[in-house]
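An overview of the molecular structure
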Amino acid sequence: MNDPAFAIETDLQTQSILLAAANHDIAALRNLLRNSSANVQDPETGFTPLHAAIAACEPGTEEANRVNGHENGDRNGVREGEDSEERTQELEGAVKTVRLLFENGAIWNDLDGNGETPGCIAHRLGLKELYELCVDGGVRAELLLSRLDEYQPLGDADSDEEEEDIEEVLKGTRETQDSQEVHLDDRELHPDDSTRNPNYLASTLTFDRNKIVDETTNGVMMGWETTFMRRSAELLLPTTGLRVLNIGHGMGIIDGFFQEKTPKSHHIIEAHPDVLKQMKEKGWHDKPGIVIHEGRWQDIVPGLMERGELYDAIYFDTFAEEYKALREFFTECVIGLLDPSRGADGEGGKFGFFNGMGADRQVCYDVYNKIVEMDLFEAGFDTEWETIPIPDLDAEGEWDGVKRKYWVPDKYKLPTCSFIG
Ligand SMILES: C[S@@+](CC[C@H](N)C(=O)[O-])C[C@H]1O[C@@H](n2cnc3c(N)ncnc32)[C@H](O)[C@@H]1O
């Protein structure tokens with residue numbers, strides 16, 4: 001690696017791939033990809049070939065002008081019809097290029113120097129088809145990753161050597177994925193130690209009127225989410241006298257809405273000692289129908305299932321847990337806790353959750369939404385989605401005093417799930 005000739009050659013190869021991608025030159029790119037990775041990065045801009053192929057479609061860029069024949073950005077003399085015909089061809093070239101890169105293992109969520117993934121650039125430039133290709137690439141990659149996560153050697157490889165080979169390939173894929181900077185997480189952008197569940201549960205919380213933050217000012221729960229909580233409560237408990245289970249009390253917003261429906265029983269699982277203390281101070285233990293289970297849902301739920309507890313509605317909204325935890329909850333626990341035959345409406349029990357994975361950027365939110373819908377279906381749920389507009393949180397100063405902005409999309413997709421059939 002310290003050989004200067006080797007370094008120059010590698011650099012040239014990288015620049016050639018980036019150029020071929022920016023020019024949407026399929027023949028050259030295919031040729032170059034025979035011996036090189038689709039995941040090279042420009043040391044200055046951080047562009048990967050995917051970034052380059054998409055950014056080249058920005059009107060007014062050198063690449064776009066050259067591809068469109070407008071040297072020096074001079075658009076004079078080009079008739080409208082010709083112009084849009086060239087634009088269509090340019091976009092078709094970009095689509096083919098992006099497809100080829102994905103076929104060759106391009107990573108969907110690498111960040112460039114501006115902190116953008118290729119999908120972020122497509123979204124910013126309003127390039128719908130390219131954006132959808134990035135979302136689909138993300139869904140494929142994340143599904144593969146979750147399957148790899150579940151992979152256990154079955155011991156049916158022909159030899160130990162073969163098993164070691166399989167492990168080696170999987171390790172490589174996991175490492176490639178682990179090195180990505182963009183993850184699908186809930187309310188925590190770039191998880192660090194403070195956002196791991198045991199560390200969060202050991203940290204001291206600060207409560208104010210409009211939010212809860214942890215020791216390092218990660219936003220645990222914020223008042224602007226009230227709209228989602230109110231609507232989820234309405235959909236989950238359409239009538240009075242039902243049985244509800246809520247996982248994660250936080251600011252008690254959704255539990256307050258549940259109480260308004262005078263449920264027959266209202267169980268809450270909460271793990272954080274500071275939240276539990278607040279609950280006592282606010283008199284939650286004395287409210288009608290309330291049963292508080294102190295501890296992590298992972299430790300409490302098995303006991304509820306053993307006792308045969310059933311609910312008409314379940315809501316799940318924890319903090320500092322990965323998507324894996326939510327998936328485990330709806331694949332393994334909801335089936336044992338939700339009554340499939342509730343009430344006079346005969347609709348069966350309903351399950352809802354805070355849908356905030358990947359919401360620190362639009363492309364991750366869209367990838368995650370597709371994955372969660374597939375996983376819910378696989379687990380036996382039909383999901384109805386409602387779209388709720390979100391005001392400009394920056395303008396309203398919502399992030400003041402919060403370490404990281406965990407919400408970017410201007411719309412919230414609210415899920416309500418029921419058993420299929
Ligand atoms: C985002 S808040 C919930 C907000 C709530 N939906 C509301 O309307 O205010 C998340 C809550 O889950 C709790 N929590 C985190 N991990 C948990 C776990 N493993 N088991 C139970 N509760 C947990 C946190 O302490 C916190 O109170």
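The following paragraphs examine the structure supplied in this document. These numbers were taken from a predicted model, which means no experiment stands behind them.

1. Things to note about unusual backbone geometry
Phi at His24 is positive, roughly 55°, even though this residue is not glycine. In this fold, His24 is placed in the loop between α1 (4-22) and α2 (26-33). Within the chain, Ala320 stands out as a residue other than glycine whose phi angle is a positive 65°. Here Ala320 shows up in the loop between β7 (313-316) and α14 (323-337).

2. Concerning the packing of aromatic side chains
Scanning the entire structure with this criterion turns up 22 aromatic pairs. Taking 5.2 Å as the distance between ring centres and 65° as the angle between the ring planes, the aromatic pair formed by Tyr365 and Trp407 counts as edge-to-face. Within this pair, whereas Tyr365 is found in helix α15 (residues 362-378), its partner Trp407 is found in the loop between β9 (381-389) and β10 (411-419), the two being separated by 42 residues in sequence. Residue Tyr365 shares its accessibility class with Trp407, and that shared class is buried. The ring of Phe102 is capped by Arg140, whose NZ or CZ atom sits 5.8 Å from the centre of that ring.

3. Considerations on the packing of α14 against α15
Where α14 meets α15, the axes come as close as 10 Å, and the angle between the chain directions of the two elements is 25°. The angle between the axes of α14 and α15 places the two elements in the roughly parallel class. Both α14 and α15 take part in a crossing whose hand is right-handed. Here Tyr323, Leu326, Arg327 and Phe330 of α14 lie close against α15, whose contacting residues are Tyr368, Ile371, Val372, Asp375 and Leu376. Counted by class, the contact of α14 with α15 contains 7 nonpolar, no polar and 2 charged residues.

4. A word on the site of the ligand
Around the ligand, 25 residues are found, and the nearest of them are Tyr200, Met251, Ile254, Glu270 and Asp317. For the ligand, an oxygen atom lies 2.9 Å from a polar atom in the backbone of Ile254. Within the complex, 100% of the 610 Å² of free accessible area of the ligand lies under protein. Elements represented by at least two residues in the shell around the ligand include exactly α9 (197-202), β3 (219-222), α11 (253-260) and α13 (297-306).

5. A few points about the sheet that holds strand β1 (residues 206-208)
Strands belonging to one sheet form pairs held by backbone hydrogen bonds; the direction of such a pair is parallel or antiparallel. Spatial strand order, β1-β2-β3: 3 strands in an open sheet with antiparallel pairing. Whereas interior strands pair on both sides, the edge strands pair on one side only; in this sheet they are β1 and β3. The sheet shows a mean angle of 10° between the axes of neighbouring strands, taken without regard to direction. Here 3 bridges tie strand β2 (residues 211-213) to β3, and the two strands are oriented antiparallel to one another.

6. Let's talk about the sheet that holds strand β6 (residues 290-294)
Across the sheet, 7 strands lie side by side as β6-β5-β4-β7-β8-β10-β9; this open sheet has mixed pairing. Taken across any chain shown, the strands that pair with only one partner, and hence form the sheet edges, are β6 and β9. Ignoring which end each strand starts from, the neighbouring axes of this sheet average 15° apart.

Calculation notes
Residues numbered from 1 in each chain as written. Predicted model: local features only at pLDDT ≥ 70, side-chain atom pairs only at ≥ 80, totals over all residues. Heavy atoms only, no water. Helix = DSSP H or I, 4+ residues; strand = E, 2+ residues; numbered from the N terminus. Phe/Tyr/Trp six-rings, centres within 6.5 Å; stacked < 30°, edge-to-face > 60°. Buried < 20%, exposed > 50% of the residue type's maximum accessible area, 1.4 Å probe, protein only. Lys NZ or Arg CZ within 6 Å of the ring centre and 35° of its normal. Axes fitted to C-alpha atoms, helices over the stretch in contact; angles between N-to-C directions. Parallel < 35°, antiparallel > 145°, perpendicular 65-115°, else oblique. Left-handed = near helix turned anticlockwise from the far one by under 90°. Contact = heavy atoms within 4.5 Å. Nonpolar A, V, L, I, M, F, W, Y, C, P; charged D, E, K, R; others polar. Near = heavy atom within 4 Å. Polar contact = N/O pair within 3.5 Å; in protein donor to acceptor, adjacent residues only side chain to side chain. Areas by Shrake-Rupley, 256 points an atom, 1.4 Å probe, with all protein chains shown as cover. Pairing = 2+ DSSP bridges.

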